[in-house]
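Descriptive structure summary
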Amino acid sequence: MGRDRHDRHDPSHVDGLGLLAAQSSAARSAIFPSKLRPAAHPAHLILRPRLHQLLAPETLAAVTLVVAPAGSGKTSLLATWVAGLDLPHAWLSLDETDRDPVQLWRGILAALEGIAPGCAVSVADRFRRGGQLTAAVGALLDELEERDLGPRVLVIDDLQLVDDDEVVVSSLALFVQHLPTWLRVVIASRHEPRLPVHRLRARGQLGEVHFAELRFTPDEALAVLGRLVPELGQDQARDAAAHAGGWAASIQLAALTARSARARGVRYLPQTGDGGRRLADYVWHEVLAAESEELVDVLLATSVVERIDPGLAQVLAERPDASELLATAESRGLFVTWTEPTGCYEIHRLVREALLAVLSERSPDRLRRLEGWAAGWYEAHGQAIPALDHWLRADEPGEALRLLAAQVPALYDGGHESTIQRVIAAIPAAVAAEDVQAMIRYAWCHLLLDRHRFTSLVDATSRSVRDELDLAPALLARLEVLQSIAATLRGHWADGASLARSAVQLLGETWWLDPLGPFAWNMIARDAALSEQWDESGPEARTVLRALDLVPERRIAIQGTRALGEALAGRPIDALRVVAGARKAAEAANLSILRVEATTAEAIAHRELGNLTDALPLLLESSVDCLEATPHCVLIARLQLVGARVDEGDLESAGRIFGEAAELVDTELTGPGARSWLATVGVQLALATKDPERARDWASQVSDPFWSAVGSARILLATGERGPAYDALKSAEPRCLRHRVVHDLTLFRATEAPEDAERHLLEAVRVASGHGMVQTVASEGREVVEAVELLAWRAPVSWLDRLRRAAVSGGPAPLHPGRLPAEQLTERELEVLRMLPSRLTLREIADELYISINTLKFHLKVVYRKLDCASRAEASEVARSLTGLRSAAQPSSTLRR
């Protein structure tokens, strides 16, 4: 062994590796380079051309399965095959960590990058989002399909380690059934994988190699034995080859047994039944019999882990020279491999399983202790997933629960939802209910997986401590944080905030040191946002932001709530500014709740600014209930969609979406905060459908004092009762800029005196135009928009142009191509037609549509021809006569002065 090889195992080098691992948070999700290439060829490996012919590129199927028992030579075959392959190829060796679907697909993406550079750039983030794995695989397939490449090969080794997970199986099944024509996938497994094998076989898309083909011929077995034990006699070699039965591992083990016998000075005599002997006994009594006690003990101690870091080896073996002994084992051919550039060792899986069997049988207590040491080492080095697995194997479910509770947000945001579910399933009920702390941890672990289960567990924990008078303040505070979250999930925004404030008080000045303490501030902020009173110049918002300065990761996470608060309070421009920063943070830290709240805020802001084209896709995305912890975003998005459809005049769609929002409130978000949101929009929808009685019914369910007064006033105005409407507005106290605009616009409609009405209108326009509020004004109806037109000279031109293009509540239904009186127009031509009644110049219209002036003129000629018009004026008149065009155009010119 060379000098530099010894240097790699120098104790200082070990310490350096440990330090790097501790400092690198990326270590948790990194793909080891050794997984992306086959292991180095051992010296005894022989080429087997007859098997390579089965994998000839010209006849290689879309999917090829190499299925055989452990130690049959699957990996060696594929390694020698790709070494001589002229086609571009990628390799991925799987291990137990790949049972996590996101970790698996990270590896597949990393491998594919080697043969299709850039393919992962646009889809990698999708694989980290919970509940979107199928869509992510679909996006990857689309990305690969678009590439015009020559034949390429992807090899996936050891699939049997991961195909017990339903999510993994379904995603891989989707992948292999829809491969691009240039990609061939070769899969090695100990058993037939749970993929659509019969379907692929029937399509002629499947190639297969089994143990019958992999079995070594007598001549091949003799060649291997000749390389491993050249001094073995011909007769002994033939007997050993015969006893091995063509099994590659048995041939190698027989060679090591012969070497061991020679070292002990005895003659090697192959025994009948060697091939069927229990592997643990074979390894223990034959392979390791001549090895030193120290070396064997290091192999036993380190067999509890798949990848042996030198520092971890020292911990497990309790000796500083553990890595040197592993290097010795490698040099003696004892199925130990050193991998670059990680500097880690790996014991061949068969031998490792045999060593573990010996440990389990002879020293179960030591095995559990070693598993616990491994868990502690991985936890200290920031590798939560292997730490969790080892805590469970150490029969320490309480420790696993403790670690999971501490890491569950990071694991979820990293896409490791399956790992969380697997660990939770392994926690015995008795451990989960052992004491209050365990119950709190267990409930907390369910928040991002199943909000119904989470709230049920919080309720059960609350009941169990109801009569406990001596509960520690820290535990009571943590329980109140969980109760706060549960209250918010049920639509009780104010109750959630009250509980969160109580938790902060209980924790005192050290709240930021508690694992759940920082989340209390997030709930306080969420109440301020959902109650439409987020104001960063006010004391509460400043207090929240200042407090979270102590916890940077929570300060990042709150940006989504902050953006939502800005958007709901009527500051869309500020909301988009916060969203831009929040999106960068979400990309870097992959915070799921931040992403969802930021998307919802962005949608609201775009709609408020009159950019319905940008808002609608985002609202539709947010209206899908894909994240357990954000039902409030689903409700808000659905209600925003209702408002958008009402403004467009599409009352049928508005009613359908409102029904979906009502179902969410009736079944889950039953609290007064969510009910008020629903009922406020219910009033708007009922008035749009000319049903004041239904509007009154909804108004009675509005507990928010501001919207209760405004809703009552709107109903009275709809029935022609301006005086009572004005009186109803006296109790309305605006809490944000948007409230001020709505309040003044409603007062404008309710005020009898013209001068007072104009004053309210001007104030509303001043506040709205100063903060970018367009849709809030437009949604008050055509009467308001026409009145603003009369005061056009008092409003900023750019804001007024946006208002003229906004969808106006009470306007006709959207333009439908099927209603055109002439030849069918394309979507782009419809967009042009919608703009013609406005006062925008052609240059301004072109800018709005992001096209050149020449392209616009071309579209105009086509529109004129299809509508049989000779000028823009004629086309505008036709456009005004078509249903829905006013939702995109300004009011009639007779209303402008």
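Look a little higher up for the structure.
On a predicted model such as this, the values are computed, not experimentally measured, just so you know. Every residue gets a number counted from 1 within its own chain, in the order that chain's sequence is written. Totals for whole chains, interfaces and linings use every residue, but because this is a predicted model, local features are given only for residues with pLDDT of at least 70 and side-chain atom pairs only at 80 or more, for both listing and counting. As a convention, hydrogens and water are excluded, and side-chain values are obtained from all of the structure's heavy atoms.

What follows deals with the sheet that holds strand β1 (residues 63-67). In spatial order, the strands read β2-β3-β4-β1-β5; together these five strands make up an open sheet with parallel pairing. Of all strands in the sheet, those with a lone pairing partner are β2 (89-93) and β5 (206-210), marking the two edges. Taking each pair of neighbouring strands and ignoring which way they run, the sheet shows an average axis angle of 15 degrees. If DSSP finds at least two bridges between two strands, the strands pair. Only DSSP runs of H or I with at least four residues qualify as helices, and only runs of E with at least two residues qualify as strands; both kinds are numbered from the N terminus onward. By the bridge criterion, five bridges tie β1 to β5 in an arrangement that is parallel. Only the contacting stretch of a helix is used when fitting its axis, a line to C-alpha atoms as for every element, and angles between N-to-C directions run 0 to 180 degrees.

This next bit is on empty space enclosed by the protein. The distinction between a cavity and a pocket rests on a 1 Å grid over the protein atoms alone: a 1.4 Å probe fits inside a cavity but cannot get out, while a pocket stays open yet meets protein on both sides within 12 Å along at least five of seven lines, and a residue with an atom within 4 Å of a point counts as lining. Grid points are joined across faces, edges and corners, and a volume is the space filled by probe spheres set on the points. In this structure the tally under the stated criterion is one cavity of 30 Å³ or more. Looking at the largest cavity, its volume works out to about 40 Å³. Looking at the largest cavity, the residues that line it are T680, V683, A699, V702, W707, V710, G711 and R714. When contributions to the lining of the largest cavity are tallied by element, the ones reaching two or more residues are α36 (672-688) and α38 (705-718). When residues of the lining of the largest cavity are assigned to their parent elements, the largest contribution, four residues, is made by α38. Under the convention adopted here, Pro, Cys and the residues Ala, Val, Leu, Ile, Met, Phe, Trp and Tyr are nonpolar, Asp, Glu, Lys and Arg are charged, and Gly plus all remaining residues are polar. Class assignment of the residues belonging to the lining of the largest cavity gives a composition of five nonpolar, two polar and one charged.

A separate point is the packing of aromatic side chains. The way to describe two aromatic rings as a pair is by their centre distance and the angle between their planes. The pairing test for Phe, Tyr and Trp rings, Trp by its six-membered ring, is centres within 6.5 Å, and the orientation test on the planes gives stacked under 30 degrees, edge-to-face over 60, and tilted for anything in between. One pass over the full model with this rule turns up seven aromatic pairs. Measuring from ring centre to ring centre gives 5.5 Å for W105 and F127, while their planes differ by 20 degrees; the resulting arrangement is stacked. Separated by 22 residues along the polypeptide, W105 in helix α5 (residues 101-113) and F127 in the loop between α5 and α6 (133-145) bring together distant segments of the chain. Seen in terms of ring centroids, W444 and F519 are 4.8 Å apart; in terms of plane orientation they differ by 70 degrees. Their pairing is edge-to-face. A residue pair is termed long-range when its members are at least 10 positions apart, and W444 in helix α23 (residues 436-446) and F519 in helix α27 (residues 517-530) qualify at 75 residues. The cut-offs for exposure are 20% and 50% of the maximum accessible area for each residue type, with area from a 1.4 Å probe on protein chains only; residues under the lower value are buried, those over the upper are exposed, and the others partly exposed. F519 gets classed as buried once you look at its relative accessible area, which sits at 14%. Clustering of aromatic rings is evident, with ring pairs tying together W105, F127 and F175. Think of it as a cone above the ring: NZ of Lys or CZ of Arg counts as a charge over the ring if it is within 6 Å of the ring centre and within 35 degrees of the ring normal. Over the aromatic face of F216 sits the side chain of R48, whose NZ or CZ is 3.7 Å from the ring centroid.

With their axes 10 Å apart at the nearest point, helix α10 (residues 218-228) and helix α12 (residues 248-263) run at an angle of 35 degrees to one another. The two elements α10 and α12 meet at a crossing, and its hand is right-handed. Where α10 approaches α12, its residues A221, V224, L225 and L228 are matched on the opposing element by I251, Q252, A255 and R259. Classifying every residue of the contact of α10 with α12 gives six nonpolar, one polar and one charged. By convention, the crossing between two helices is left-handed when the near helix turns anticlockwise from the far helix through less than a right angle, and right-handed when the turn is clockwise. Only heavy atoms enter the contact rule, under which two residues are in contact if any of them lie within 4.5 Å.

This part covers the pairing of strand β3 (residues 152-157). Within β3, six of the six residues are buried, leaving the element largely enclosed by the surrounding structure. Of the two faces of β3, the one carrying R152, L154 and I156 and the one carrying V153, V155 and D157 are both buried. The pairing of β2 with β3 spans five bridges and is classified as parallel. Bridge pairing in β3 places W91 opposite V155.

A helix's residues, less one, multiplied by 1.5 Å, set its expected span. The end-to-end C-alpha distance of helix α26 (residues 493-507), which contains 15 residues, comes to 21 Å, matching closely the 21 Å that a straight helix rising 1.5 Å per residue would cover. A positive backbone phi angle near 70 degrees is found at G508, which sits one or two residues after α26.

Here A477 shows up in helix α25 (residues 473-489). Expressed as a C-alpha distance, the spacing of A477 and Q505, which sit 28 residues apart in the sequence, is 8.3 Å. Apart from the residues within four sequence positions on either side, A477 is in contact with A503, L506 and L507.

So, about the side chain of D100. Relative to the elements of secondary structure, D100 occurs in the loop between β2 and α5. Buried within the structure, D100 lacks any salt-bridge partner; its nearest side chain of opposite charge belongs to R422, at an N-O separation of 5.9 Å. Any N or O atom pair separated by 3.5 Å or less is treated as a polar contact, with the protein-specific requirement of one donor-capable and one acceptor-capable atom, and with residues adjacent in sequence counted only for side-chain atom pairs. Of the polar contacts made by the side chain of D100, one reaches the side chain of H416; its length is 2.7 Å. Ignoring any residue separated from it by four or fewer positions in sequence, one finds D100 in contact with I385, G415, H416 and T419. Counting rule for charge: Lys and Arg are taken as positive, Asp and Glu as negative, and neither His nor the chain ends is counted. Should a side-chain nitrogen of Lys or Arg be within 4 Å of a carboxyl oxygen of Asp or Glu, the pair is scored as a salt bridge.

The terminal C-alpha atoms of helix α41 (residues 754-771), which comprises 18 residues, lie 26 Å apart, in line with the 26 Å expected from a rise of 1.5 Å per residue. All buried positions along α41 are accounted for by A757, H760, L761, L762, A764, V765, V767, A768 and S769. At the C-terminal side of α41, G772 shows a positive phi close to 85 degrees.

Looking now at the nonpolar core. Counting residues in each nonpolar core, the largest one holds 106 residues, and the members touching the most others are L299 and W444. The contacts of L299, once residues within four sequence positions are left out, are L288, L326, A329, V336, I347 and L355. In this structure, A563, L616, L641 and L716 belong to the second largest nonpolar core, which totals 63 residues. To form a nonpolar core, buried Ala, Val, Leu, Ile, Met, Phe, Trp, Tyr and Cys residues must be joined to one another through side-chain atoms within 4.5 Å.

Under the definition given, this model contains 49 salt bridges. A salt bridge links D704 to R735; its shortest N-O distance comes to 2.6 Å. Taken as a pair, D704 in the loop between α37 (692-699) and α38 and R735 in the loop between α39 (722-728) and α40 (737-750) lie far apart in primary sequence, 31 residues in all. In this structure D704 comes out as buried when scored by relative accessible area, which is 15%. A residue is classified by how much of its surface remains accessible, and R735, at 25% relative accessible area, is partly exposed. If you follow the salt bridges from partner to partner, you end up with K35, D95, D98, R307 and E346 in one network.

Here we come to the pairing of β1. Of all five residues in β1, five are buried; the element is thus mostly enclosed. Burial along β1 is two-sided: V63, L65 and V67 facing one way and T64 and V66 facing the other are all buried. Of the pairings in the sheet, the one linking β1 to strand β4 (residues 183-189) comprises five bridges and is parallel in character. Paired with V67 across the bridge in β4 is S189.

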